[in-house]
Amino acid sequence: LGVCVCVLAGGRLLRHSPSFASQIPSLDEDMAESRRVLVAVDDTEASTYAFSWSLTHLFKKSDHVIVLNVAPSYILRFPNPDLPNEYLVSPAPSDAATEAAQMAVTEQSKGLVCDFVAQCTQEGISCEGEVAQGEPGCWVVDEANRTNADLIVVGNHDYGFIKRTLIGSISDYVLHNASCPVAIVRQSKASHASEPLGSLELSRKIVIAVDESKEAIHAVTWALKNFCRESDSVIIYHVHHPVAPPVTAVGTGAFDMEEIYVPPDTADDVEVEALNESEKLVEKIMAYASQETKISCEGMIVTGETEAKVCEGLLSLKADTVVVGSRNRGAIARTFLGSVSDYLAHHSPCPLIVVKMNKRADGSFDNESVHTHIL
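Let me begin by describing the structure that accompanies this report. These numbers were taken from a predicted model, which means no experiment stands behind them. (Residues numbered from 1 in each chain as written. Predicted model: local features only at pLDDT ≥ 70, side-chain atom pairs only at ≥ 80, totals over all residues. Heavy atoms only, no water.)

## Structural notes on helix 3 (residues 136-146)
Consideration 1: Restricting attention to buried positions, one finds in helix 3 the residues Gly137, Trp139, Val140, Val141, Glu143 and Ala144.
Consideration 2: Residue Asn148 follows helix 3 closely and has a positive phi angle near 55°. (Buried < 20%, exposed > 50% of the residue type's maximum accessible area, 1.4 Å probe, protein only. Helix = DSSP H or I, 4+ residues; strand = E, 2+ residues; numbered from the N terminus.)

Here you go:
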């Protein structure tokens, strides 16, 4: 089996075998152009499932897949002279022992990556493997930037809040710092794990959560081009927020509190108008999908808090995947304003794809004209 596995250390690319990538014939004309997909892997069950899911639901024959494993560094343990003798650790290993241990770790990582690369090669997909040493999240983001990846795939280890706080979450770091779309794969009960790669007969239920923002519209166009298939059932899912009607002050009442009056018909009129706008939004997106693709779409509008309602919808619909846009908020804004993509990354019952807009040098964003065209 011809496999290229690269080991990355200190920002340098070290090749341990001749450059090799399986040559793939061009895909059918109706498929999207070739993409570079970076998949972060380790030896956990979550990572194995994420890769299998990608083979079935995400990879195309025209893609080039980069399999990246970040190997742990061998940590030396030195004796502490301030501790009593009974608590002293064994003497520090020699340089030769340290190098041998580090090589063993690297070889294990190379073997792991080779196994994943072999799966791609077996399916006729161009693929290469890389092994790095250091902080996993940083390496994933840096390698995605270096290789101009179009998409990053990471597994979800389903850590609780306390564990994420103490040891961190690779998927969280990648989600917040990557400049390209990120797929966070959590195993769902409704998943079709055993279906053959790229099976066009595989009917999936894909939910695309939308609002009126350019980020949401970009997520729709990206999903239709890069992920959805003609056999899929796509739900354009919008959460409507009740609108507070205008109020009129009518004087000061008891306890010097201002009294207000809301005409009974006004509240109903405002809410009906807002619901009509929500319906128009979903209808315009569905019309665009119908015009540009042969993918079957339907719309769904619910009322309530966005995060909770999206998760409820995913469960009730038994969705296979959810796609959302990202506003690229900073840490402070995410803390105070919240983030739908953050919430879904931790609570979605199915795999999540977060689509980000690429910022050009002039400060504009990709697909802004599409947002204007659709809405």
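There's plenty left to go through after this.
## Re the state of the cysteines
One way to say it: the disulfide is the covalent bond shared by the sulfur atoms of two cysteines.
Consideration 1: Counted according to the given criterion, the structure contains zero disulfides.
Consideration 2: Here Cys350 stays free of any disulfide, with the sulfur of Cys311 as its closest cysteine sulfur at 8.6 Å.
Consideration 3: Accessibility expressed as a relative area gives 1% for Cys350, which makes it buried. (Disulfide = S-S within 2.5 Å.)

## Quick look at the packing of helix 5 (residues 170-177) against helix 10 (residues 340-347)
Consideration 1: Where helix 5 meets helix 10, the axes come as close as 11 Å, and the angle between the chain directions of the two elements is 160°. With respect to helix 10, the element helix 5 is oriented roughly antiparallel. Of the two possible hands of crossing, helix 5 and helix 10 adopt the one that is right-handed. Between helix 5 and helix 10, the residues in contact are Asp172, Leu175 and His176 and Ser341, Asp342, Ala345 and His346, respectively.
Consideration 2: When the residues that make up the contact of helix 5 with helix 10 are grouped by side-chain class, the tally is two nonpolar, three polar and two charged. (Axes fitted to C-alpha atoms, helices over the stretch in contact; angles between N-to-C directions. Parallel < 35°, antiparallel > 145°, perpendicular 65-115°, else oblique. Left-handed = near helix turned anticlockwise from the far one by under 90°. Contact = heavy atoms within 4.5 Å. Nonpolar A, V, L, I, M, F, W, Y, C, P; charged D, E, K, R; others polar.)

## A word on the pattern of salt bridges
Consideration 1: Enumeration according to the criterion identifies eight salt bridges in this entry.
Consideration 2: One salt bridge connects Arg146 with Glu143, and the closest N-O pair in it is separated by 2.8 Å. Placement of both Arg146 and Glu143 in helix 3 is noted, with a separation of three residues, approximately one turn of the helix.
Consideration 3: A salt bridge links Lys309 to Glu312; its shortest N-O distance comes to 3.4 Å. Of this pair, Lys309 and Glu312 both sit in helix 8 (residues 306-317), separated by three residues, roughly a single helical turn.
Consideration 4: Of the residues examined, Glu312 reaches a relative accessible area of 45% and is grouped as partly exposed.
Consideration 5: Several salt bridges share partner residues, and in doing so they unite Glu130, Glu143 and Arg146 into one network. (Salt bridge = Lys/Arg side-chain N within 4 Å of Asp/Glu carboxyl O.)

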